[in-house]
Amino acid sequence: MSPLSVYLPVMLDCKGRCCAVVGGGAVAERKVNSLLAASADVTVISPEVTQGLRQLVMEGRIRWISREYAAGDLAGAFLVYAATSSPDVNGAVIDEAERMGALANAAGGSKPGSFISPSVLRRGRLVIAVSTSGAGPALAAEICDRLEEEYGPEYEEYLEWMYRMRSSIKRQVTRPETRQRLLMKAAKLEVLDDIRKGTFEPWDTEQIKQWIANNQEES
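Residues numbered from 1 in each chain as written. Predicted model: local features only at pLDDT ≥ 70, side-chain atom pairs only at ≥ 80, totals over all residues. Heavy atoms only, no water.

As for the nonpolar core
Here's step 1: Ranked by size, the top nonpolar core spans 24 residues in total, and within it Tyr 158, Trp 161, Met 165, Trp 203, Trp 211 and Ile 212 carry the most contacts.
Here's step 2: At the level of elements, β7 (126-130), α4 (137-150), α5 (154-172), α6 (176-187), α7 (191-197) and α8 (205-218) are the ones that each hand at least two residues to this core.
Here's step 3: For this core, the element with the highest residue contribution is α5, accounting for 6 residues.
Here's step 4: In this structure Ile 212 touches Ser 168, Ile 169, Gln 172, Val 173 and Leu 182, once residues within four positions along its chain are discounted. (Core = buried A, V, L, I, M, F, W, Y, C linked by side-chain atoms within 4.5 Å. Buried < 20%, exposed > 50% of the residue type's maximum accessible area, 1.4 Å probe, protein only. Helix = DSSP H or I, 4+ residues; strand = E, 2+ residues; numbered from the N terminus. Contact = heavy atoms within 4.5 Å.)

Brief notes about a nonpolar patch on the surface
Here's step 1: Taken together, the side chains of Leu 8, Val 10 and Leu 12 make up a nonpolar region of the molecular surface, amounting to roughly 320 Å² of accessible area.
Here's step 2: Topologically, Val 10 is positioned in the segment before β1 (18-22).
Here's step 3: Residue classification places Val 10 among the exposed positions, given a relative accessible area of 52%. (Patch = residues over 30% accessible without salt bridge, like charges linked within 9 Å, V, L, I, M, F, W, Y side chains within 5 Å. Areas by Shrake-Rupley, 256 points an atom, 1.4 Å probe, with all protein chains shown as cover. Salt bridge = Lys/Arg side-chain N within 4 Å of Asp/Glu carboxyl O.)

Notes on the packing of α5 against α6
Here's step 1: Relative to each other, α5 and α6 sit at 160°, their axes nearing to 10 Å. Classified by the angle between their axes, α5 and α6 sit roughly antiparallel to one another. Considering only the axes of α5 and α6, their crossing is right-handed. Along its contact with α5, which presents Tyr 158, Trp 161, Met 162, Met 165, Arg 166, Ile 169 and Lys 170, the element α6 presents Arg 179, Leu 182, Leu 183, Ala 186 and Ala 187.
Here's step 2: Grouping the constituent residues of the contact of α5 with α6 by class yields 9 nonpolar, no polar and 3 charged. (Axes fitted to C-alpha atoms, helices over the stretch in contact; angles between N-to-C directions. Parallel < 35°, antiparallel > 145°, perpendicular 65-115°, else oblique. Left-handed = near helix turned anticlockwise from the far one by under 90°. Nonpolar A, V, L, I, M, F, W, Y, C, P; charged D, E, K, R; others polar.)

Examining the layout of surface pockets
Here's step 1: Here the largest pocket is characterised by a volume of approximately 1,600 Å³.
Here's step 2: If you go around the largest pocket, you meet 43 residues; those closest to its centre are Tyr 81, Ile 116, Ser 117, Pro 118 and Val 120.
Here's step 3: Elements with a contribution of two residues or more to the lining of the largest pocket: α1 (26-37), β4 (79-82), β5 (103-106), β6 (119-123), β7 and α4.
Here's step 4: Residue contributions to the lining of the largest pocket peak at 5 residues, all from α1. (1 Å grid on protein atoms, 1.4 Å probe; cavity = no way out; pocket = protein on both sides within 12 Å on 5 of 7 lines; lining within 4 Å. Points joined across faces, edges and corners; volume = space filled by probe spheres on them.)

Quick notes on the pairing of strand β2 (residues 41-45)
Here's step 1: Where burial is concerned, most of β2 is hidden: 4 out of the 5 residues are buried.
Here's step 2: Sheet topology places β1 next to β2; 5 bridges connect them, and they run parallel. If you follow Ala 20 over to β2, its bridge partner there is Thr 43.
Here's step 3: For the crossover that starts at β1, traverses α1 and ends in the parallel β2, the hand is right-handed.
Here's step 4: Inspection of the sheet shows β2 paired to strand β3 (residues 63-65) by 3 bridges, in the parallel sense. Residue pairing for β3: Val 44 is matched across the bridge by Trp 64. (Pairing = 2+ DSSP bridges. Right-handed = clockwise from strand over helix to strand, strands pointing away.)

Overview of the pattern of salt bridges
Here's step 1: A complete count under the given rule lists 9 salt bridges for this structure.
Here's step 2: For the salt bridge of Glu 48 with Arg 54, the shortest nitrogen-to-oxygen distance reads 3.2 Å.
Here's step 3: The exposure class of Glu 48 is exposed, given its relative accessible area of 51%.
Here's step 4: The class of Arg 54 is partly exposed, set by a relative accessible area of 30%.
Here's step 5: Look at the salt bridges and you will find they share partners, linking Glu 154, Asp 193 and Arg 196 into a network.

Some points on the packing of aromatic side chains
Here's step 1: Under the defined criterion, the tally for this structure stands at 5 aromatic pairs.
Here's step 2: Between Tyr 158 and Trp 161 the ring centres are 6.2 Å apart and the planes differ by 20°, which places this aromatic pair in the stacked class. In this pair, Tyr 158 and Trp 161 both sit in helix α5, 3 residues apart, roughly one turn of the helix. The residues Tyr 158 and Trp 161 share a single accessibility class, namely buried.
Here's step 3: Consider the rings of Trp 161 and Trp 203, whose centres lie 5.3 Å apart with planes at 85°: the pair is edge-to-face. Of this pair, Trp 161 sits in helix α5 while Trp 203 sits in the loop between α7 and α8, and the two are 42 residues apart along the sequence. Just as Trp 161 is buried, Trp 203 falls in that class too.
Here's step 4: An aromatic cluster of at least three residues, connected via ring pairs, comprises Tyr 158, Trp 161, Trp 203 and Trp 211.
Here's step 5: Sitting above the plane of the Phe 78 ring, Arg 17 keeps its charged end 4.3 Å from the centroid.
Here's step 6: Just above the ring of Tyr 163 sits the side chain of Arg 125; from NZ or CZ to the centre is 3.6 Å. (Phe/Tyr/Trp six-rings, centres within 6.5 Å; stacked < 30°, edge-to-face > 60°. Lys NZ or Arg CZ within 6 Å of the ring centre and 35° of its normal.)

If you want it as structure tokens, here you go:
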């Protein structure tokens, strides 16, 4: 039995960071879309790319180096995906990325890189990542599918409301213990249930301010 690889779960801030995807097929397109969702600065290196990637190039959302990968292509990259159909090329990409100190992941080959990609469920600010540590990616995807039923689209609106509440509480309240009590009290409001029922009316800035003032006094 091979030893268990224990991975450290993290949420990477890729906004504006240079990220490279080597490969131009369907797997590469999925990696590119995940990077764009994280507001990364994306470069694709491949002689050919999918129609979806071509569209992103035409829209100016990614850069495309239209040739085979060559040593030195990854200079300045923060994160690299090796997503070609060649294990040898993927291995060379991983080797260069690791020499540079860049985070790297390979879609295939004997060198998986420094991280693996989990299955991800997104509901606005809510991000749920599921991994089987490489044992069964299909199972991770199945678990994500199940979670979609429990964590529906209502969480997107709910978390936007919670974000506005938290931001306002941080601005208006100076005492940490009072902030914490207000955040806990806000979390107990039946906002999520009201969103699910379709009866929730979004709070404007003045309503949030007034709720904080009223409940701060009670604290």
